[in-house]
Amino acid sequence: MRKCIGDPLLYCGHMPWRKPDLSPVPLICLAAIIAGTLLDPARAMPSIAMMVLSAYVLIENPVENFRQFFRDPVLIMLVLVFFVYVASGLNSTEDPTFWLERVRIKLPFLAMPVALIVLRKKITSLQFCSFLYLFLVLTVISSAIITVKFMSDFKDVLKAYSEGRVIETPFSHVRYSLIIAFGVICGFYLYSKNFFFFFRADRWLILAATLYLIFFLHLLAVRSGIAGLYICGIYMIVYTLVRIRNPKVALLIAMIVLVFPVVSYFAGGCEQRIPG
């Protein structure tokens with residue numbers, strides 16, 4: 001076939017097909033999931049990103065992806081959560097429409113574990129820590145907005161606590177408190193790994209942000225998040241001692257686990273009300 005003048009890969013009548021580079025797709029999807037989790041205008045982004053990741057699994061070397069999936073018992077257990085939920089509702093529900101709606105909501109338990117295989121293969125340790133850093137930053141920004149509102153209407157908020165109400169959050173206060181707790185874990189993980197994004201001083205900013213989130217979580221005064229935080233705190237102490245072998249960070253976490261509940265109690269949040 002006669003070549004056209006110009007690009008040596010451009011032929012008269014057609015252009016050779018090249019497989020597009022899809023390697024950035026998992027990282028973009030992960031960023032979308034993090035942003036959509038915390039930003040109310042982007043609430044649809046996590047669902048869209050999960051669908052894209054599921055499609056990516058089927059397009060990019062599907063045989064190897066599923067082979068690795070079936071070799072990982074943890075991911076298989078996550079998928080079983082979906083099937084247990086489906087089986088539990090087959091004979092126990094009187095409203096099939098409601099049951100099908102709940103099953104639809106649980107679909108990520110079916111797709112997410114397989115998608116995690118892709119993320120595990122495509123993401124480096126530095127990228128992983130960078131995404132945790134992004135999550136921490138967004139969590140701090142979100143909580144700072146609520147803290148400002150809390151301080152500006154301090155008496156009204158305390159009165160609302162005493163009446164059994166909750167401070168306004170971007171979405172369900174239970175889910176939001178668990179997200180804040182996870183942000184705390186991200187902060188301690190980054191600090192223990194000596195991670196910094198721009199300068200070495202970032203490490204101390206990460207520690208300060210983490211301590212602030214602990215205080216904010218007690219200010220929020222939601223049982224679910226507080227319980228999740230301290231359960232994870234115990235795990236982090238063991239993990240830091242056994243796996244990372246950093247007794248200084250483990251001691252720091254232990255001191256925070258013991259001191260912060262007392263400080264937050266006298267700050268005015270938890271003694272007023274601790275909702276579910």
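Residues numbered from 1 in each chain as written. Predicted model: local features only at pLDDT ≥ 70, side-chain atom pairs only at ≥ 80, totals over all residues. Heavy atoms only, no water.

1. Re the overall build of the protein chain
- A count of helical and extended segments in the protein chain gives twelve helices and zero strands.
- Classification of the 276 residues of the protein chain by burial places 38% in the buried group.
- A separation of at least 24 residues holds for 69% of the contacts in the protein chain among residues at least 6 apart in sequence.
- Accessible area of the protein chain: about 16,400 Å², with a carbon and sulfur share of 69%. (Helix = DSSP H or I, 4+ residues; strand = E, 2+ residues; numbered from the N terminus. Buried < 20%, exposed > 50% of the residue type's maximum accessible area, 1.4 Å probe, protein only. Contact = heavy atoms within 4.5 Å. Areas by Shrake-Rupley, 256 points an atom, 1.4 Å probe, with all protein chains shown as cover.)

2. Concerning the side chain of Thr147
- In this fold, Thr147 is placed in helix α7 (residues 125–152).
- Here Thr147 falls in the buried class, since its relative accessible area comes to 13%.
- When near neighbours in sequence (up to four residues on either side) are disregarded, Thr147 contacts Tyr212 and Phe216.

3. Things to note about a nonpolar patch on the surface
- A grouping of Met77, Leu80, Phe83, Val84, Leu107 and Leu110 is seen on the molecular surface, where their side chains present a nonpolar patch of about 540 Å² in accessible area.
- Mapped onto the elements, Leu80 comes out in helix α4 (residues 73–90).
- For Leu80, a relative accessible area of 39% puts it in the partly exposed group. (Patch = residues over 30% accessible without salt bridge, like charges linked within 9 Å, V, L, I, M, F, W, Y side chains within 5 Å. Salt bridge = Lys/Arg side-chain N within 4 Å of Asp/Glu carboxyl O.)

4. Considering the confidence of the model for the protein chain
- Taken residue by residue, the protein chain gives an average pLDDT of 76. The fraction at 70 or more is 80%.
- Across residues 1–13, where pLDDT falls below 50, the model places 14 contacts with residues more than four positions away in sequence or in other chains.
- Overall, residues 269–275 carries pLDDT values under 50, and its contacts beyond four positions in sequence, including any with other chains, amount to 26 contacts. (pLDDT = per-residue confidence, 0-100.)

5. What about the pattern of salt bridges?
- Going through the model one piece at a time under the given rule, you end up with one salt bridge.
- Across the salt bridge formed by Glu64 and Arg67, the nearest N and O atoms sit 2.6 Å from each other. Highlighted residues: Glu64 and Arg67, both in helix α3 (residues 62–70), separated by three residues, approximately one helical turn.

6. Section: the packing of helix α1 (residues 25–38) against α7
- In contact at an axis separation of 10 Å, α1 and α7 are set at 20° when each is read in the N-to-C sense. As far as their axial angle goes, α7 and α1 are roughly parallel. Of the two possible hands of crossing, α1 and α7 adopt the one that is right-handed. On α7, the residues touching Leu27, Leu30, Ala31, Ile34, Ala35 and Leu38 of α1 are Gln127, Phe131, Leu134, Phe135, Leu138 and Thr139.
- Within the contact of α1 with α7, the residues separate by chemical class into ten nonpolar, two polar and no charged. (Axes fitted to C-alpha atoms, helices over the stretch in contact; angles between N-to-C directions. Parallel < 35°, antiparallel > 145°, perpendicular 65-115°, else oblique. Left-handed = near helix turned anticlockwise from the far one by under 90°. Nonpolar A, V, L, I, M, F, W, Y, C, P; charged D, E, K, R; others polar.)

7. Structural notes on the environment of Arg175
- Position of Arg175 among the secondary structure elements: in helix α9 (residues 173–192).
- The spatial distance from the C-alpha of Arg175 to the C-alpha of Ser224 is 8.3 Å, given a sequence separation of 49 residues.

8. Digging into the nonpolar core
- In terms of nonpolar packing, the biggest core is built from 55 residues, with Leu53, Tyr176, Phe188, Leu190 and Leu229 touching the most fellow members.
- Here this core gets eleven residues from one element, more than from any other, and that element is α9.
- Val57, Val79, Val114 and Val118 belong to the second largest nonpolar core, which has eight residues in total. (Core = buried A, V, L, I, M, F, W, Y, C linked by side-chain atoms within 4.5 Å.)

9. Considering the environment of Ile206
- As for its placement among the helices and strands, Ile206 is situated in helix α10 (residues 202–220).
- Excluding residues that lie within four positions of it along the chain, Ile206 makes contacts with Tyr133, Leu136, Gly187, Leu190, Tyr191 and Phe195.

10. Re the packing of aromatic side chains
- The final tally for this structure, using the stated rule, is eight aromatic pairs.
- Arranged with centres 5.1 Å apart and planes meeting at 75°, the rings of Phe135 and Phe182 form a pair that is edge-to-face. Placement of Phe135 in helix α7 and of Phe182 in helix α9 is noted, with a sequence separation of 47 residues between them.
- Through a chain of ring-to-ring contacts, the aromatic side chains of Tyr176, Tyr212 and Phe216 assemble into a single cluster.
- For Arg203, the ring lying beneath its charged end belongs to Tyr191, and the centroid distance is 3.9 Å.
- Here Arg203 stacks its cationic end above the ring of Trp204, 5.6 Å away from the centre of that ring. (Phe/Tyr/Trp six-rings, centres within 6.5 Å; stacked < 30°, edge-to-face > 60°. Lys NZ or Arg CZ within 6 Å of the ring centre and 35° of its normal.)

11. Some details on the packing of helix α2 (residues 45–59) against α3
- Taken N-terminus to C-terminus, the directions of α2 and α3 make an angle of 110°; their axes are 6 Å apart at the nearest point. The pairing of α2 with α3 is recorded here as roughly perpendicular in orientation. On α3, the residues that touch Val57, Leu58 and Ile59 of α2 are Pro62, Asn65 and Phe66.
- Its residues placed into classes, the contact of α2 with α3 shows five nonpolar, one polar and no charged.

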